[in-house]
Amino acid sequence: MTTPLAAKISREFGTPAVVVDMDRVERNIARVQQACDAVGVTNRPHIKTHKSPVLARLQIAAGAKGITCQKLGEAEVMVDAGIDDILISYNLLGNEKMDRLGALSARATITAAADNSVVIDDLPTAAARAGRPLAVVVECDTGRKRAGVETPAEAIALARQIASSPQLRFAGFLLYPTESGWAEAQRFFDEALAGVRAAGLEPAIVSTGGTPNLKNLGKLKGATEHRPGTYIYNDRMQIAAGVATLDDCAFQVYATVVSRAGSDRGIVDAGSKTLTTDTGGLDGHGLILEHPEARIARFAEEHGFLDLSRSNTRPAIGDVVRIVPNHVCVVVNMVDEIVLVRGDEIVGTLPVAARGRLK
């Protein structure tokens, strides 16, 4: 069954279409800002989820202090839009990136992250280009086994290396604890903090991260800020993590059922180029609101394969269905614009301004 709004969107924009409920977006922004304020932690939202200066400005207007970008290209888009105070939470290497980082730092307040001495050795080049010192935080691995130094001793050594350069300023620590690893993160941070203080250094920034960690907000003693990203839209992963409900999911993919070649199967026109293959560890590739027992079982590039064997209701060819993706951040990067709605009304479109800024 196609809802009236879905029919309207299909007529005006075609499918697959990415649709964002702005009432839910604004509720999500307010809810998380209030949670940060309640525990005395600054909100520094990660814009890799929405990639939009317009939405970043809404977050800042609600009380966020600056933003987080994962890539230099995202930060360039945000600075071009007049946004200041940006943390780039990713190692930057090489002459090309140092030139761009320096040019950006001359125009806005930028903090860079580093987890190794090779990156730190490069960063003074950017500071020289900017004509002012560059703030640098040390990224620490506190159990996620992604980026970050693995021991407090390494973190202390990098902090001292940063402070030894007249063109750099040690700004603090960047952490992304696992959802259940905050006690371990506290021990890591306490040892690193003692070590940098013994060297005469003081971290101005102690940044924790992740929408799934909103349930741990304020647990790290000494944290100054948190970097949630997905909360502005939410997705199936955040529902599974217990930090969002279905009603908090502001982002949906509208897709048309284009084939029902068998009674227990079908095809929607949203494949891997729309919903992506990132399952986030969940069953299937998205939740179909009209048929929650159905599974989006697998993909071709433009085909979403429906397994309807457990579904009490079956879509008809031509039905437009609404899909909550597993991992919204990667879906956003697949589209040029989003359709904005309030209730059952289309209120506009918004370009995904930092889409494809992968370097």
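Refer to the structure above for everything that follows.
Conventions adopted
Residues numbered from 1 in each chain as written. Predicted model: local features only at pLDDT ≥ 70, side-chain atom pairs only at ≥ 80, totals over all residues. Heavy atoms only, no water. Phe/Tyr/Trp six-rings, centres within 6.5 Å; stacked < 30°, edge-to-face > 60°. Buried < 20%, exposed > 50% of the residue type's maximum accessible area, 1.4 Å probe, protein only. Helix = DSSP H or I, 4+ residues; strand = E, 2+ residues; numbered from the N terminus. Axes fitted to C-alpha atoms, helices over the stretch in contact; angles between N-to-C directions. Left-handed = near helix turned anticlockwise from the far one by under 90°. Contact = heavy atoms within 4.5 Å. Nonpolar A, V, L, I, M, F, W, Y, C, P; charged D, E, K, R; others polar. Arc of directions from axis to C-beta. Polar contact = N/O pair within 3.5 Å; in protein donor to acceptor, adjacent residues only side chain to side chain. Pairing = 2+ DSSP bridges. Right-handed = clockwise from strand over helix to strand, strands pointing away. Parallel < 35°, antiparallel > 145°, perpendicular 65-115°, else oblique.

Engineer: Go over the packing of aromatic side chains, please, and point to the residues and values.
Structural biologist: Taken as a whole and assessed by the stated rule, the structure comprises three aromatic pairs. When the centroid spacing of 5.5 Å and the interplanar angle of 70 degrees are considered together, the rings of F170 and F173 count as edge-to-face. You can call F170 buried: its relative accessible area is 7%. F173 sits in the buried class, given a relative accessible area of 1%. With 6.1 Å between their ring centres and 80 degrees between their planes, F173 and F189 make a pair best called edge-to-face. Of this pair, F173 sits in strand 7 (residues 168-175) while F189 sits in helix 8 (residues 182-198), and the two are 16 residues apart along the sequence.

Engineer: Run through the packing of helix 7 (residues 152-164) against helix 8, naming residues and quoting values.
Structural biologist: For the pair helix 7 and helix 8, interaxial distance at closest approach is 9 Å and the crossing angle is 35 degrees. The element helix 7 and its partner helix 8 pack so that their crossing is right-handed. Across the interface between the two elements, P152, A155, I156 and A159 of helix 7 pack against F188, E191, A192, G195 and V196 of helix 8. When grouped by side-chain class, the residues that make up the contact of helix 7 with helix 8 number seven nonpolar, one polar and one charged.

Engineer: Report on helix 3 (residues 53-61), specifying residues and quantitative values.
Structural biologist: Burial in helix 3 covers these residues: P53, L55, A56 and Q59. For helix 3, the buried positions fall inside an angular range of 160 degrees around the axis, keeping them on one side. Residues of helix 3 that are buried sit in contact with helix 2 (22-39), strand 3 (67-69), helix 4 (72-80) and strand 17 (345-351). Among the residues of helix 3, the N-terminal cap falls to S52, whose side-chain oxygen and the backbone nitrogen of V54 are separated by 3.2 Å. Of the residues one or two after helix 3, G63 is the one with positive phi, at around 130 degrees.

Engineer: Hey, could you go over the environment of P4 for me, with residue numbers and the actual values?
Structural biologist: Inspection of the secondary structure assignment puts P4 in helix 1 (residues 4-13). Here P4 falls in the exposed class, since its relative accessible area comes to 70%. Counting along the chain gives 152 residues from P4 to I156, while the straight-line C-alpha distance between them is 59 Å.

Engineer: Explain the sheet that holds strand 5 (residues 110-114) residue by residue, including any values.
Structural biologist: An order of 2-9-8-7-6-5-4-3 is seen for the eight strands of this open sheet, with the pairing classed as parallel. This sheet does not close on itself; its edge strands, each paired only once, are strand 2 (42-43) and strand 3. Here strand 5 pairs with strand 6 (residues 134-140) via four bridges, running parallel. In the sheet register, A114 faces strand 6, and the bridge partner there is V138. Packed onto the sheet, helix 5 (residues 95-105) meets strand 4 (86-88), strand 5 and strand 6 and runs at close to 145 degrees relative to strand 5.

Engineer: Just give me the short version of the pairing of strand 8 (residues 205-209), but keep the residues and values in it.
Structural biologist: With respect to burial, strand 8 is a largely interior element, five of its five residues being buried. Side chains I205, S207 and G209 of strand 8 all project onto a buried face; the interleaved residues V206 and T208 project onto the opposite face, where all are buried too. With three bridges joining them, strand 7 and strand 8 adopt parallel strand pairing. Each bridged residue has a counterpart across the sheet, and for L174 the counterpart in strand 8 is S207. Tracing the backbone out of strand 7, into helix 8 and back to the parallel element strand 8 gives a crossover that is right-handed. In this structure, strand 8 lies alongside strand 9 (residues 225-227), joined through three bridges in parallel fashion. In the strand pairing of strand 9, S207 is matched with E225.

Engineer: Got a sec to walk through unusual backbone geometry? Specific residues and values, please.
Structural biologist: The linkage connecting T15 with the following residue, P16, adopts the cis geometry, with an omega of 0 degrees. Within the element layout of this structure, P16 appears in the loop between helix 1 and strand 1 (17-21). At D85, a position not held by glycine, the phi torsion is positive, near 65 degrees. Among the structural elements, D85 can be located in the loop between helix 4 and strand 4. Judged by relative accessible area, D85 falls into the buried class, the value being 17%. A positive phi angle, close to 65 degrees, is found at N234, a residue other than glycine. Note on placement: N234 falls in the loop between strand 9 and helix 9 (236-241).

Engineer: Break down the packing of helix 5 against helix 6 (residues 117-130) for me, citing the residues and quoting the values.
Structural biologist: The contact between helix 5 and helix 6 brings their axes to 7 Å, and the two run at 40 degrees. Between helix 5 and helix 6, the interaxial angle falls into the category oblique. The crossing of helix 5 and helix 6 is right-handed. Counted together, M98, D99, L101, G102, A103 and S105 of helix 5 and D122, L123, T125, A126, R129 and A130 of helix 6 form the full contact between these two elements. When its residues are assigned to classes, the contact of helix 5 with helix 6 shows six nonpolar, three polar and three charged.

Any functional reading would require information beyond the geometric quantities listed.
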